[in-house]
Amino acid sequence: MVDAGGVRLHVQRTGPAAGRVPHATVVLVHGLLTDSLASYYFTVAPGFAAAGLDVVMYDLRGHGRSERPPRGYTLDHNIDDLEALLDRLAVTGPVHLVGNSYGGTIAFGFAARHPERTATLTLIESEPATAAWAAKLGGILDRVMTQLAHNEPDALAWIIAHRGHNTARLAKGAARLARETTLGRDIPASRVLTEEQIRAVHCPVLGVYGGDSDLADLVPLKEALLTDYRAVVLPGHEHSVLVEAPAAVGGHILDLIRAGAGVG
Amino acid sequence: MNPTQPAPAQPTADTVLADVTGMLRTVLAEYGDDDALIGMSTTFNRDLELESIDLVTLAGLLEERYGQRVNLAEFLAGMEFDEIIELTVGRLVEHVVWSLKTTQAG
């Protein structure tokens, strides 16, 4: 556990085998409600460590094994946490940031705030914080709050019948987080980025999307705004492409990091 | 590198199962579950209702006990998503026994 400026965050760090010095740090940021650092820990993290990287994973506040304060869940809180965490870990050089879903929105916000501390940025099924993003998240969180948090038995019965026990258990955890904190109100009320702030991100940016996800539709928009942006669409996958196709996703991220390091 | 207690020189499926069962009791205690039945055919997901973040805790306990010879992250990273959902205690126990034997031989 690491104290990141008042909130205790669960951190896992791995790296190359003993004796090898890592050549760069990659920081992996997970998504909202049902997600945790486990989505990286058991998928791409071992491969990144074997490739010689210092790998930092953490649970967002309220998620996984991290502390769950009752309030303070805007995007800026999450960016502040990431900033404080890297300071506490004494990671001062430019890092390779990877964010899954909402984690990518956090990573993008960090890159916009600290271009000098960001080497590359990978957005898996993700987008920068815009007014449209806030409205969409508001709708999703509203459904979670009304259907799950306030009518849990019925909602869970439906999920068990249609999606199975595993999803129902995850949904239960999400409902608890939504009930116990101000997250549902805070995220849609987050300060979003201006077009100018988005354009100011000049580092190489990789977008990874599931072919069946509607987020792939955002590719042209990002191409228009970002100077160094490349998109990879993995057919046959939806929003959970990271855990469904970790080998492909991890391979594309390593290609991006290696290209940036000038080692082909 | 050094486990807190020395691991037995000749780990068998029985001794490893006893170790893993103890670790799972530690993880399950957080949920107030003190009497789950744990055997070789028990599944982590369906029977014990463990979430993936609980497996991160288990990975830490395995490393504490056996050192870096047992790496749960690498073991699971080599699996398909559906295989992880169906993972049994027995499959993990076999993997631990195998890892300890091969690193001993090497």
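Residues numbered from 1 in each chain as written. Chains lettered and ligands numbered in written order. Predicted model: local features only at pLDDT ≥ 70, side-chain atom pairs only at ≥ 80, totals over all residues.

J.: What should I look at first to understand the sheet that holds strand β7 (residues 118–124) of chain A in this one?
T.: To summarise the sheet geometry, strands pair through backbone hydrogen bonds and adopt either a parallel or an antiparallel arrangement. Residue and element names in this part refer to chain A. Judged by pairing direction, the sheet is mixed, and its seven strands sit side by side in the order β3-β5-β4-β6-β7-β8-β9 without closing on themselves. A single partner strand is all that each edge strand has here, and the edge strands are β3 (11–14) and β9 (229–234). Between one strand axis and the next, the sheet turns through 15° on average, direction left out of account. Of the pairings in the sheet, the one linking strand β4 (residues 24–29) to strand β5 (residues 53–58) comprises six bridges and is parallel in character. Across the sheet, Ala24 pairs through a bridge with Leu53, a residue of β5. (Pairing = 2+ DSSP bridges. Helix = DSSP H or I, 4+ residues; strand = E, 2+ residues; numbered from the N terminus. Axes fitted to C-alpha atoms, helices over the stretch in contact; angles between N-to-C directions.)

J.: Sorry if this is basic, but what is going on with the packing of helix α1 (residues 13–29) of chain B against helix α2 (residues 52–66) of chain B here?
T.: Axes are the key here: two packed helices are described by the angle between their axes and the distance separating the axes. Residue and element names in this part refer to chain B. Interhelical geometry of α1 versus α2 gives an angle of 135° and a closest axis separation of 10 Å. One way to sum up the angle between α1 and α2 is to call them oblique. In this structure, the crossing between α1 and α2 has a hand that is right-handed. Each of Asp19, Met23, Thr26 and Val27 in α1 lies in contact with α2, whose residues at this interface are Asp54, Thr57, Leu58, Leu61, Leu62 and Arg65. The residue makeup of the contact of α1 with α2, split by class, is five nonpolar, two polar and three charged. (Parallel < 35°, antiparallel > 145°, perpendicular 65-115°, else oblique. Left-handed = near helix turned anticlockwise from the far one by under 90°. Contact = placed C-beta atoms within 7 Å. Nonpolar A, V, L, I, M, F, W, Y, C, P; charged D, E, K, R; others polar.)

J.: Please clarify how the domain arrangement of chain A should be interpreted in this entry.
T.: All names here are of chain A. Domain boundaries in chain A define domain 1 (2–129 + 192–261) and domain 2 (130–189). A straight line from the C-alpha centre of domain 1 to that of domain 2 covers 23 Å. Between domain 1 and domain 2, the contact holds 15 residues from the first and 16 residues from the second. In terms of residue class, the side of domain 1 that touches domain 2 is made up of eight nonpolar, four polar and three charged. (Domains from an automatic or database assignment.)

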